[in-house]
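Architecture and fold: a report
Read off the chains here:
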Amino acid sequence: MATVVKNGTIVTADLTYKADLKIDGGKIVEIGPDLAGDETLDATGCYVMPGGIDPHVHLEMPFMGTYSADDFDSGTRAALAGGTTMVVDFCLPDPGQSMLDALKRWDNKATRAHCDYSFHMAVTWWSEQVFNEMQTVVQEKGINTFKHFMAYKGSLMVNDDEMFASFSRCAELGALPLVHAENGDVVAAMQQKLMDEGNNGPEAHAYSRPASVEGEATNRAIIIADMAGVPLYVVHTSCEQAHEAIRRARQNGMRVYGEPLIQHLTLDESEYFDKDWDHSARRVMSPPFRNKQHQDSLWAGLASGSLQCVATDHCAFTTDQKRYGVGDFRKIPNGTGGLEDRLPMLWTYGVATGRITMNEFVAVTSTNIAKILNLYPRKGAILVGADADLVVLDPKKSKTISAKTQQSAIDYNVFEGKQVTGLPRYTLSRGVVVVEEGTIRSREGHGQFVAREPYPAVSKALSTWKDLTAPRKVERTGIPASGV
Ligand code: URP
Ligand code: ZN
Ligand code: ZN
Ligand code: ZN
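Rules used in this analysis
Every chain's residues receive numbers from 1 upward, in the order its sequence appears when written. Chain letters and ligand numbers both follow the written order, the letters beginning at A and the numbers at 1. pLDDT decides what is reported in this predicted model: residues at 70 or higher carry local features, side-chain atom pairs at 80 or more are listed and counted, and totals for whole chains, interfaces and linings draw on all residues regardless. Working definition: helices are DSSP H or I runs of at least four residues, strands are E runs of at least two. Numbering for both runs from the N terminus. Only the C-alpha atoms count toward the radius of gyration. The rule for a globule is 2.2 Å times the residue count to the power 0.38. Using C-beta atoms placed from the backbone, we call a residue buried if 20 or more other C-beta atoms fall within 10 Å of its own, exposed if 12 or fewer do, and partly exposed for counts in between. With C-beta atoms placed from the backbone, a contact is any residue pair whose C-beta atoms sit within 7 Å. What marks off one domain from the next here is an automatic or database domain assignment. Under the convention adopted here, Pro, Cys and the residues Ala, Val, Leu, Ile, Met, Phe, Trp and Tyr are nonpolar, Asp, Glu, Lys and Arg are charged, and Gly plus all remaining residues are polar. Note on definitions: a residue is near a molecule or strand provided its C-beta atom, placed from the backbone, lies within 6 Å of it. The pairing criterion is simple: DSSP has to find at least two bridges between the two strands. Simply put, an axis is a line fit to the C-alpha atoms, just over the touching stretch for a helix, and the angle between two N-to-C directions goes from 0 to 180 degrees. UniProt positions are given in the numbering used here, feature names are shortened, and annotations may be inferred rather than shown by experiment. By definition here, a helix of n residues has an expected span of 1.5 Å times n minus one. One number per residue, pLDDT, summarises how confident the predictor is, and it ranges from 0 to 100. Between 65 and 115 degrees an angle is taken as roughly perpendicular, under 35 as roughly parallel, over 145 as roughly antiparallel, and anywhere else as oblique. Crossing chirality is assigned from the near helix's rotation relative to the far helix, an anticlockwise turn below a right angle marking it left-handed and a clockwise turn marking it right-handed.

Quick notes on the overall build of the protein chain
Along the protein chain, the regular secondary structure elements total 15 helices and 20 strands. Relative to the globule expectation of 23 Å for 484 residues, the C-alpha radius of gyration of the protein chain, 23 Å, shows essentially globular dimensions. When the backbone C-alpha atoms are referred to their principal axes, the protein chain occupies close to 90 × 60 × 45 Å. In the protein chain, which comprises 484 residues, the proportion classed as buried is 55%. Partitioning the intrachain contacts of the protein chain with sequence separation of at least 6 by distance along the chain shows that 77% fall at a separation of at least 24.

Rendered as structure tokens:
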């Protein structure tokens, strides 16, 4: 049965044009004028774009003594409601645990997904077993990205020697390392000092993680990646210092990618100074929200291309869970939601304000990350043969964001009260209409795991260059006699 999306304007990362789209068997089969099919979706007045890909989510994540409240059911429903058709979650082995055992747990959780998904694997400890399992993960499990936490000392954090070993292994396997870049040792020391001084509220979370701890760690990770001869992806880039390190590395020819979150682009540090403890604690995440100068830097990076993707780091905790940290900000579970709001917020605060173009919007919400994660052109593209993961975005449709109407399971929304325009008329997942005018029609379990191959081209280029420029002993003709 063929479906035709009619009378819309197709918007991709590089083109804007009028055409119909024909879909069959979950794929785009034809693009052109006056197409006909068995079912017609009217896209008059709408933009037809690749569905969003959120490369950074934590669904049902075990963290800080609890589990993030959105699972693969509510989380992926939220994604689809907001026009996101694929998410990438992080498989987190406990320190000492096998990556392959951890992956079984994630595979099991994800059977509930309403949209397609993939995984990053986290390196939370280091050993010969981890070294060996990384190969299995890349070659047999369809995962080509490894996450490293430079923060969360005492739980997920890895040290520089472990990071260098893991990055070097990524280089051998053609995999891409990811980093959460904050100096975990300095954060832990600052947290203790603030607590000792009686500073125990959620504002102290922000004081303990200033922009410089992120800038330092970002630069350190970049240098380690360069030494290991591997590209690097920096998650939740929130400040000018980190952006500056990424910009400089890119200017020097390194493949370094930066990922601002929609929260950091649109919410600022004043949230932590609210008189209401719950209000501030609900916004506790790492890195914390920053000031307007940092936000301007992130927007500039998206427009100029020094930052590549907008994600959410969706890691939602209820108010009750946030209250674990009353009296000690270090125990407030870190994380905020955003999956349903990423596209409408970016359209409203980015495209509608002229900060970014429609094509840049598609690039930073879908196409760039599809390329970085080696999913392109199956995902992130409007091309014949691509998966029909689409959002038919109505630029006139608007709403006020409210926890009362959201898909997420939590009892609040960090964007509560924001008026957004640019909402899906339809969201399609592999050709199936999963959202129609705000009504969810998806099915739990419809989502499929998307395996991702390693990156032979980039790793070959980097290893060839590294071999060519490796230290070499100089073969000399005249060697003076040693000693006197
Ligand atoms: O505060 C955050 N970001 N929570 C989720 C885990 C992480 O650091 O990405
Ligand atoms: Zn359900
Ligand atoms: Zn993180
Ligand atoms: Zn995260």
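Quick word on the domain arrangement of the protein chain
Looking at the assigned domains, one finds that the protein chain contains domain 1 (3–47) and domain 2 (51–461). If you average the C-alpha positions of domain 1 and of domain 2, the two centres end up 30 Å apart. Taken residue by residue, the interface counts 21 residues in domain 1 and 23 residues in domain 2. Looking at the side of domain 1 that touches domain 2, the elements that each hand over two or more residues are strand S1 (3–6), strand S2 (9–11) and strand S5 (27–32). For the side of domain 1 that touches domain 2, the leading source of residues is S5, giving five residues. Looking at side-chain class alone, the side of domain 1 that touches domain 2 contains 12 nonpolar, six polar and three charged residues.

Remarks on the site of ligand 1
Lining the immediate environment of ligand 1, one finds His 58, His 180, Met 285, Ser 286, Asp 313, Cys 315, Asn 334 and Gly 335. Per-class residue counts for the shell around ligand 1 are two nonpolar, five polar and one charged.

Some words on the sheet that holds strand S8 (residues 52–57)
In space, the seven strands of this open sheet follow the order S8-S11-S12-S13-S14-S15-S16, with parallel pairing throughout. Two strands close off the open sheet at either side, each with one partner strand: S8 and strand S16 (256–258). When strand polarity is set aside, the average angle formed by the axes of neighbouring strands in this sheet is 25°. Direction of pairing for strand S14 (residues 176–180) relative to strand S15 (residues 232–234): parallel, over a ladder of two bridges. Its bridge partner lying in S15, Leu 178 is registered against Tyr 233.

Observations concerning the sheet that holds strand S20 (residues 439–440)
Here seven strands make up an open sheet; going across it, the order is S3-S2-S7-S17-S18-S19-S20 and the pairing mixed. Because the sheet does not close on itself, it has two edges, and the strands there are strand S3 (16–18) and S20. Both strand S17 (residues 390–400) and strand S18 (residues 419–429) contribute to a ladder of eight bridges, which runs antiparallel. By the bridge assignment, Thr 400 is partnered in S18 with Gln 419.

Quick notes on the UniProt feature "domain: Amidohydrolase-related" (unreviewed entry) in the protein chain
According to UniProt, the feature "domain: Amidohydrolase-related" (unreviewed entry) maps to residues 47–420 in the numbering used here. As annotated, residues 47–420 comprises 40% helix and 16% strand, and the C-alpha atoms at either end are separated by 16 Å.

A look at the UniProt feature "modified residue: N6-carboxylysine" (unreviewed entry) in the protein chain
As recorded in UniProt, the feature "modified residue: N6-carboxylysine" (unreviewed entry) lies at Lys 147. Inspection of the secondary structure assignment puts Lys 147 in strand S13 (residues 145–149). Not counting residues within four places of it along the chain, the set of residues in contact with Lys 147 comprises Phe 90, His 120, Ala 122, Val 123 and Leu 178.

Some details on the pairing of strand S4 (residues 20–24)
The side chains of a regular strand alternate between both faces of the sheet. Here S4 lies mainly inside the structure; four of its five residues are buried. Sheet topology places S1 next to S4; three bridges connect them, and they run antiparallel. Bridged to Val 4 within S4 is Lys 22. Bridge count between S4 and S5: five bridges; the pairing is antiparallel. Among the inter-strand pairings, Lys 22 is bridged to a residue of S5, identified as Glu 30. Taking the residues between adjacent antiparallel strands as the criterion, S4 and S5 are bridged by two residues, where Gly 25 takes a positive phi near 60°.

Overview of the environment of Phe 361
Structurally, the position occupied by Phe 361 is in helix H14 (residues 358–372). We classify Phe 361 as buried; it has 25 C-beta atoms within 10 Å. Separated by 11 residues in the primary sequence, Phe 361 and Gly 350 place their C-alpha atoms 7.9 Å from one another.

A few points about helix H4 (residues 160–173)
Taking 1.5 Å as the rise per residue, H4 with 14 residues should run 20 Å; its terminal C-alpha atoms sit 20 Å apart, in good agreement. Of all the residues in H4, the buried ones are Met 163, Ser 166, Phe 167, Arg 169, Cys 170 and Ala 171. Phi for Gly 174, located one or two positions after H4, is positive at around 70°.

Quick look at the confidence of the model for the protein chain
Predicted coordinates in regions of low pLDDT should not be interpreted in detail. The predicted model of the protein chain has a mean per-residue pLDDT of 97, with 99% of residues at 70 or higher. Under the prediction, the complex receives an ipTM of 0.93, its pTM being 0.96.

Thoughts on the packing of H4 against helix H7 (residues 211–228)
For any two helices packed against each other, one specifies the inter-axial angle together with the distance between the axes. Interaxial distance between H4 and H7 falls to 9 Å at its minimum, and their mutual angle equals 45°. Classified by the interaxial angle, the pair formed by H4 and H7 is oblique. As for how H4 packs across H7, the hand of that crossing is right-handed. Every residue of H7 that contacts H4 at Asp 160, Met 163, Phe 164, Phe 167, Ser 168 and Ala 171 is listed here: Ile 224, Ala 225, Met 227 and Ala 228. Taken together, the residues of the contact of H4 with H7 sort by class into eight nonpolar, one polar and one charged.

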